[in-house]
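Chain by chain, the residues run as shown.
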Amino acid sequence: PSTYTGILLTILSKANVKATFHIVPDYLDNPVVSANLRRAANDGHLIGLFVKESITEANIKGYLANATTVMK
């Protein structure tokens, strides 16, 4: 997510192009990021989850479960 995500979504929509957005769950508490994510999903873009390198194999299941809950 960045200040350009909304602009990018508009450009993609005008060009009728779909993209994949990988979201870092840490940013989902930001209302602008959440709104852009919702808009991307509604526009038919694929939403992926970015897993940070600091996530270990031992805690990946918990991280993914929490991230999925937050994204919903």
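Preceding this section is the structure that the text describes.
To start, this report covers the structure provided alongside it. Residue positions within a chain follow its written sequence, with the count starting from 1. Given that the model is predicted, a residue must reach a pLDDT of at least 70 before its local features are reported, and side-chain atom pairs must reach 80 or more before they are shown or counted; all residues, however, enter totals for whole chains, interfaces and linings. Side-chain measures here rest on the full set of heavy atoms in the structure, leaving out hydrogens and waters.

1. Some thoughts on the packing of helix α1 (residues 5-15) against helix α2 (residues 31-42)
Line of reasoning, step 1. Running from N to C, α1 and α2 point in directions that differ by 15°, and their axes come no closer than 10 Å. Taken together, α1 and α2 sit at an angle that is classed as roughly parallel. The element α1 and its partner α2 pack so that their crossing is left-handed. Contact residues: α1 offers Thr 5, Gly 6, Leu 9 and Thr 10, while α2 offers Asn 36, Arg 39 and Ala 40.
Line of reasoning, step 2. Charged means Asp, Glu, Lys or Arg here, nonpolar means Ala, Val, Leu, Ile, Met, Phe, Trp, Tyr, Cys or Pro, and polar covers whatever is left, Gly included. Residues of the contact of α1 with α2, tallied by class, amount to two nonpolar, four polar and one charged. What counts as an axis is a line fitted to C-alpha atoms, over the stretch in contact for a helix, and the angles between N-to-C directions run from 0 to 180 degrees. The helix and strand labels rest on DSSP assignments: H or I over at least four residues marks a helix, E over at least two residues marks a strand, and numbering proceeds from the N terminus. Should an angle lie under 35 degrees it is considered roughly parallel, over 145 roughly antiparallel, and from 65 to 115 roughly perpendicular; all remaining angles are considered oblique. Left-handed is the label given to a crossing in which the near helix is rotated counterclockwise from the far helix by less than a right angle, and right-handed is the label when the rotation is clockwise. Contacts were defined at the residue level, with two residues in contact if any of their heavy atoms lie within 4.5 Å.

2. Section: the side chain of His 45
Line of reasoning, step 1. Assignment of secondary structure puts His 45 in the loop between α2 and β2 (46-49).
Line of reasoning, step 2. Here a polar contact is recorded for every N or O atom pair within 3.5 Å, except that within protein the pair must consist of a potential hydrogen donor and a potential acceptor, and residues adjacent in sequence are included only if both atoms are side-chain atoms. One polar contact links the side chain of His 45 to the main-chain amide nitrogen of Ala 19, over a distance of 2.9 Å.
Line of reasoning, step 3. Once residues within four sequence positions are removed from consideration, His 45 is found in contact with Leu 9, Leu 12, Val 17, Lys 18, Ala 19, Phe 21 and Ala 40.

3. Focus: a nonpolar patch on the surface
Line of reasoning, step 1. Any residue with relative accessible area above 30% and no salt bridge may belong to a patch, with like charges joined within 9 Å and the nonpolar Val, Leu, Ile, Met, Phe, Trp and Tyr side chains within 5 Å. Method for areas: the Shrake-Rupley scheme with a 1.4 Å probe, in which residue coverage is limited to the protein chains shown. In what follows, salt bridge is the name for a side-chain nitrogen of Lys or Arg lying within 4 Å of a carboxyl oxygen of Asp or Glu. A cluster of nonpolar side chains, Tyr 4, Ile 7 and Ile 11, forms an exposed patch at the surface whose accessible area comes to about 350 Å².
Line of reasoning, step 2. Relative to the assigned elements, Tyr 4 resides in the segment before α1.

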